[in-house]
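Structure at a glance
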Amino acid sequence: LRLRPDYAALPPNTLMTARAATPGRVTPAPFESAAASKPPTVKPPAGAATRKGGEEEDDAGASRTAPLDSSGDARAYSAGDARTYRELGLKLGRAGRHEDAVAALRQAVVLDRNDAETYLALGDEYAELRRWRESVDAYEQAARLDPKAAETFERLGRAYAKLREETQAATRGGGEAAVGTRASAPGSASNGTASLRGNERGNERGNEPPAPAAASSDADPTAVYRVGAGDVLDVRVRNRREPKAATAYKVTPAGLLDHPLLAEPLQVAGLTTDEIAARLGSELKRRAVASDAEVAVAVLEYESHAIIVSGLVKDPGTKIMRREGVPLYVIIAYAQPLPEAGRVLVVSRATGKSTTYELSDARSLNTLVRPGDVVTVQARAKQYFYVAGAVRAPGQKEFHAGLTLTQAVLAAGGVAQPAVSFATVARQGADGRLSSERYDLREIGAGRSPDPRVEPGDRIEVLR
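Residues numbered from 1 in each chain as written. Predicted model: local features only at pLDDT ≥ 70, side-chain atom pairs only at ≥ 80, totals over all residues. Heavy atoms only, no water.

Here we take up the overall build of the protein chain. Helix and strand content of the protein chain: 13 helices and 20 strands. Burial statistics for the protein chain: of 464 residues in total, 41% are counted as buried. Intrachain contacts of the protein chain at a sequence separation of at least 6 include 56% that bridge at least 24 residues. (Helix = DSSP H or I, 4+ residues; strand = E, 2+ residues; numbered from the N terminus. Buried < 20%, exposed > 50% of the residue type's maximum accessible area, 1.4 Å probe, protein only. Contact = heavy atoms within 4.5 Å.)

Right, here's the structure in full:
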């Protein structure tokens, strides 16, 4: 290394995997004559590199010619170089040298533009540097090359969110200060940086754990999940000296997380995954177990948030929720109501009250149901109206939505005499008192007056 310092950043091809990558080909030994195996001497790229035939040029003007074998194919050498640069970039990233890691990974991309893992690592390093636009570009390339990698799309989504955050802050005049003034998480390379690797938290948070909030205080229950007993968590604790690891831990019935790095179980029931990660990281730092640890927590299996659905549905039973609150129509859609279903009875676990909602009322179905609620889908309740006077079949008649006055008269057999021309409708108000209104049936029949709607419980009297 004293003789050739550039070997550390850019090892020559003959010191890498070209011999193994090209079976049957005789490759010169690492220290043969200069004529046979003179290694290329180039500088690490200062920016994006471009290809020109067999050469690659970087922004600094340095060029590199890939050695060709007897068939003129340099891909074996390039693939070996790309893997080496990728490993170098990963190690630099773990050491906190994110700018250097970006340079190494970009060189790996130049040599092999079809490696999704390299693009993914490059996106991670850009995220550490809060260069969200470049991070999004790298994650998009990784997703294009490996469209089945769910983890890549998750990181891409988080990078999009951070990019929009900064864009909105800049629009408001806050710029970087609007999103970068909060304390960074333990092990972060820059103040306010949130790591996007794995299932890590997407928001910055301070070193001190936040106090748990009650589910009822959540501004938007449909966007929050608070861990409960029985949930299985994916807890990742790593630092720059240890390889990545992921393990699953089940929350005990008492709401505790028993992690091997903790002196005693940690109370996690009622906390979000971000809050759990902050508390766990703070505890590890306090005990000096891993002062630069990066902690990420995600829910692997949802078990604690359940509601019971019964009644006139195709799929009754226990339904697991992944949020603190879910609109009633979502639950009804999953349970698939039968044709005869007409209303829903919801018994709230929090209040113990029962509330009935009509399936035909779209506004009421936006009501949120919460864990522990019981939902019962019932048949439409029969409703009636009453007709008396000069009709052929007076009495109690079944009500249907949209019924009008003339339809109600026809349902009672029609008028008994041709001279009948008036009808009064008596309706009970909220105070229990009846109010009556008189209508001219001849005017309604001629189309000169609107046909009024009838409501359940109306008393209709047809007059001569």
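Turning our attention to helix α11 (residues 328-335). Listed in full, the buried residues belonging to α11 are Leu328, Ile331, Ile332 and Ala335. For α11, the angular spread of buried residues about the axis comes to 100 degrees, placing them on one side. Exposed residues pointing more than 90 degrees away from the buried face of α11 are listed as Ala333 and Tyr334. Among the structural elements, β9 (306-311), β11 (326-327), β12 (341-347), β13 (354-358), β14 (368-369) and β15 (374-379) are those in contact with the buried residues of α11. Residue glutamine 336 follows α11 closely and has a positive phi angle near 60 degrees. (Arc of directions from axis to C-beta.)

Time to look at the packing of aromatic side chains. For the structure shown, the criterion picks out one aromatic pair. With centroids separated by 4.8 Å and ring planes inclined at 80 degrees, the aromatic side chains of tyrosine 225 and tyrosine 302 adopt a geometry described as edge-to-face. Placement of the pair is tyrosine 225 in the loop between α9 (177-180) and β4 (232-238) and tyrosine 302 in the loop between β8 (294-301) and β9, with a sequence separation of 77 residues. If you follow arginine 438 out to its NZ or CZ, it ends over the ring of phenylalanine 422, 4.2 Å from the centre. (Phe/Tyr/Trp six-rings, centres within 6.5 Å; stacked < 30°, edge-to-face > 60°. Lys NZ or Arg CZ within 6 Å of the ring centre and 35° of its normal.)

A few words now on the packing of helix α5 (residues 98-111) against helix α6 (residues 116-128). Between α5 and α6, the shortest axis-to-axis distance is 9 Å and the interhelical angle comes to 155 degrees. The angle between α5 and α6 falls in the class roughly antiparallel. The handedness of the crossing between α5 and α6 is left-handed. Contacts between α5 and α6 involve His98, Ala101, Val102, Leu105, Arg106, Ala108 and Val109 on the former and, on the latter, Thr118, Tyr119, Ala121, Leu122, Glu125, Tyr126 and Glu128. For the contact of α5 with α6, the per-class residue count stands at nine nonpolar, two polar and three charged. (Axes fitted to C-alpha atoms, helices over the stretch in contact; angles between N-to-C directions. Parallel < 35°, antiparallel > 145°, perpendicular 65-115°, else oblique. Left-handed = near helix turned anticlockwise from the far one by under 90°. Nonpolar A, V, L, I, M, F, W, Y, C, P; charged D, E, K, R; others polar.)

All right, on to the sheet that holds β15 then. On the basis of which strands lie adjacent, the open sheet formed by five strands has the order β10-β9-β15-β12-β13 and mixed pairing. Edge positions in the sheet fall to β10 (317-320) and β13, since each has one partner strand and no second. Neighbouring strand axes in the sheet, compared pairwise and without regard to direction, differ in orientation by 25 degrees on average. Across four bridges, β9 lies against β10 in antiparallel orientation. Paired with isoleucine 308 across the bridge in β10 is threonine 318. (Pairing = 2+ DSSP bridges.)

Another point: the packing of α6 against helix α7 (residues 132-145). Direction vectors running N to C along α6 and α7 enclose 160 degrees, while the axes themselves pass 8 Å from each other. Classified by the interaxial angle, the pair formed by α6 and α7 is roughly antiparallel. Like other packed secondary-structure pairs, α6 and α7 cross with a definite hand, here left-handed. Contact with α6, carried on its side by Ala116, Tyr119, Leu120, Leu122, Gly123, Asp124, Tyr126 and Ala127, involves Trp132, Glu134, Ser135, Ala138, Tyr139, Gln141, Ala142 and Leu145 of α7 and no other residues of that element. In the contact of α6 with α7, the residues fall into 11 nonpolar, three polar and two charged.

A separate point is the confidence of the model for the protein chain. When pLDDT is averaged along the protein chain, the result is 75; 70% of the residues meet or exceed 70. Below pLDDT 50 for its whole length, residues 14-77 participates in 94 contacts with residues either more than four positions away or in separate chains. Across residues 174-216, where pLDDT falls below 50, the model places 125 contacts with residues more than four positions away in sequence or in other chains. (pLDDT = per-residue confidence, 0-100.)

Here we take up the sheet that holds β4. The strands that make up a sheet pair up through hydrogen bonds in the backbone, lying either parallel or antiparallel. Spatially, the three strands line up as an open sheet ordered β5-β4-β8, and their pairing is antiparallel. Sheet topology places β5 (247-250) and β8 at the edges, where each strand pairs with a single neighbour. Taking each pair of neighbouring strands and ignoring which way they run, the sheet shows an average axis angle of 30 degrees. Here β4 pairs with β8 via seven bridges, running antiparallel. Following the sheet pairing, arginine 238 is matched in β8 by glutamate 294. Running over the sheet, helix α10 (residues 273-286) touches β4 and β8 and is turned about 140 degrees from β8.

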